[in-house]
Amino acid sequence: MKFVIIGCGLIAGSHANAIRSCNGTELAAVCGRRKEPVFKFAKEQGCEAYTNVETMLDEIRPDAAVICTPTYLHPEHVEQCAKRNIHVLCEKPLAKTPSECRRISDAAEKGRIIFMTAQVVRFWAGYAEIKSMLQKGQAGEIHMMHLRRVSHRSGEYSQWIFDPLLGGGAMGDMLVHDVDYLRYAIGPFQSVYAHAVKDETGCYNNVMANIVHKNGVHSLAEVSFTQQTGYPFSFSVDIAGSEATVEYQYASGASTLVNHSGGTCAVSTCNMSIWKRGEGFQTVPIQQYDAYERQLQYFADCIKKGCQPEAVTPKESYEVICMMDAIRRSADSNEVVYL
Ligand SMILES: NC(=O)c1ccc[n+]([C@@H]2O[C@H](COP(=O)([O-])OP(=O)(O)OC[C@H]3O[C@@H](n4cnc5c(N)ncnc54)[C@H](O)[C@@H]3O)[C@@H](O)[C@H]2O)c1
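These figures come from a predicted structure and were not determined experimentally.

*Asks:* Explanation requested: helix α4 (residues 74-82) in the structure shown.
*Replies:* Side chains of residues three or four places apart in an α-helix project in the same direction, reflecting 3.6 residues per turn. In terms of residue burial, α4 counts as a mostly covered element, since seven of its nine residues are buried. Those residues of α4 that sit buried are H74, P75, H77, V78, Q80, C81 and A82. Buried-residue contacts for α4 involve β1 (2-6), α3 (53-60), β4 (64-67), β5 (87-91), α5 (98-110) and β6 (115-118).

*Asks:* Help me out: how do you make sense of unusual backbone geometry in this one?
*Replies:* Along the chain, K92 connects to P93 via a cis peptide bond; the corresponding omega equals -20°. Examined against the element boundaries, P93 turns out to sit in the loop between β5 and α5. If you check the backbone angles, R112 has positive phi at about 50° while not being a glycine. Summarising the element assignment, R112 is placed in the loop between α5 and β6.

*Asks:* Would you take a moment to explain the domain arrangement of the protein for this structure?
*Replies:* Quoted interface sizes are often the accessible area lost when the parts come together. The domain architecture assigned to the protein consists of domain 1 (2-113) and domain 2 (122-290 + 321-338). The C-alpha-based centres of domain 1 and domain 2 are spaced at 27 Å. Residue-level contacts link twelve residues of domain 1 with 14 residues of domain 2. The contact between domain 1 and domain 2 buries some 1100 Å² in all, and 70% of this surface belongs to carbon and sulfur atoms. The largest contributions to the domain 1 side of the interface with domain 2 come from L10, K92 and K96, which together make up 44% of the buried area. Where domain 1 meets domain 2, there are one salt bridge. Measuring nitrogen to oxygen at the nearest pair gives 3.4 Å for the salt bridge that ties D173 to K92.

*Asks:* Even after reading the chapter, I still don't get the site of the ligand, so can you show me in this structure?
*Replies:* Around the ligand, the surrounding shell holds 24 residues, and the nearest of these are C8, R33, S158, W160 and D173. Contact between the ligand and E91: a nitrogen atom at 3.3 Å from a side-chain N or O atom of the residue. Across the complex, the protein chains shield 87% of the 850 Å² of accessible surface that the ligand would expose by itself. Elements with a minimum of two residues in the shell around the ligand: α4 and α7 (169-185). For the shell around the ligand, the residue count by class is eleven nonpolar, nine polar and four charged.

The rules we used
- Residues numbered from 1 in each chain as written.
- Predicted model: local features only at pLDDT ≥ 70, side-chain atom pairs only at ≥ 80, totals over all residues.
- Heavy atoms only, no water.
- Buried < 20%, exposed > 50% of the residue type's maximum accessible area, 1.4 Å probe, protein only.
- Helix = DSSP H or I, 4+ residues; strand = E, 2+ residues; numbered from the N terminus.
- Contact = heavy atoms within 4.5 Å.
- Domains from an automatic or database assignment.
- Buried area = accessible area lost by both parts, 1.4 Å probe.
- Salt bridge = Lys/Arg side-chain N within 4 Å of Asp/Glu carboxyl O.
- Near = heavy atom within 4 Å.
- Polar contact = N/O pair within 3.5 Å; in protein donor to acceptor, adjacent residues only side chain to side chain.
- Areas by Shrake-Rupley, 256 points an atom, 1.4 Å probe, with all protein chains shown as cover.
- Nonpolar A, V, L, I, M, F, W, Y, C, P; charged D, E, K, R; others polar.

This is the structure in structure tokens:
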């Protein structure tokens, strides 16, 4: 199955590795705006390089494309693929606004393509384990769920991410991971009250979104892009349930390993603990794997079977972007926003 990647910046490498590692998929070409980085990336990946999306799609005629361009370009690039009947895995957030989400799902439907938003957290080992626990009812009735995701603003992020209109900083770009996971793990949203603080970029780079779900469960999604330099990119999940308390923490590159020759490398730390009612504390072993590879394999299998992905649906992505819009309106107005 021939894949191309549209956009070859920060996240494209994870998808390129996934395409190269999965069964039956190959990376045929990549496209970016600037010649030099695209040719460098393509050389490393052993594929063709392009600086024009439509030329690449017409010459390569791929089966599928992974869209890794800035979020505000997703509608345009999905449409270019869909009108050529090329299946699409599109990076998160699916779009900036609910109406752009509709534009994307209309194009995907019209082109009869297999389509999925790349919400990689749903495929991430710890989060997948928690979803399975919740499905089996192991935490009982959920009183509260708290998701946190924090990072410093390293130089590897592009400028558009910290433009309030294009990327929206932590609120526009990073919070969507947790909002999407809450939709997946707990269910549809009812309302939100958001506390958020803008920094010098003009973006809400510190956000606490207090969410009420339609089933009455309360959750809190917290993100920050203002940690001090050197603070590891970290995320966590806390669940207070009637049958169990669950804690999951991941910190990227948080520890240093010294090898036999005295060299060092940064390693990530990952822990999950559960306190079951009447049973006390247990550590939950988390199988480690590449979530991007899992996601890509799942998507490629859907193409092979000719069935739309159930793991992330356009309807869910639309609801998530409606919630993202509600969070921004709540932060702007300091009022509860109902969906
Ligand atoms: N899943 C994750 O954890 C994760 C992490 C980072 C970014 N993302 C998402 O991935 C997307 C890309 O983010 P990024 O940080 O990699 O961005 P980036 O700015 O690093 O890279 C964007 C790429 O798109 C290319 N591009 C821009 N305009 C183009 C055009 N008109 N035609 C062709 N190529 C064009 C650029 O040349 C660049 O190669 C965003 O939607 C972002 O939210 C997801």
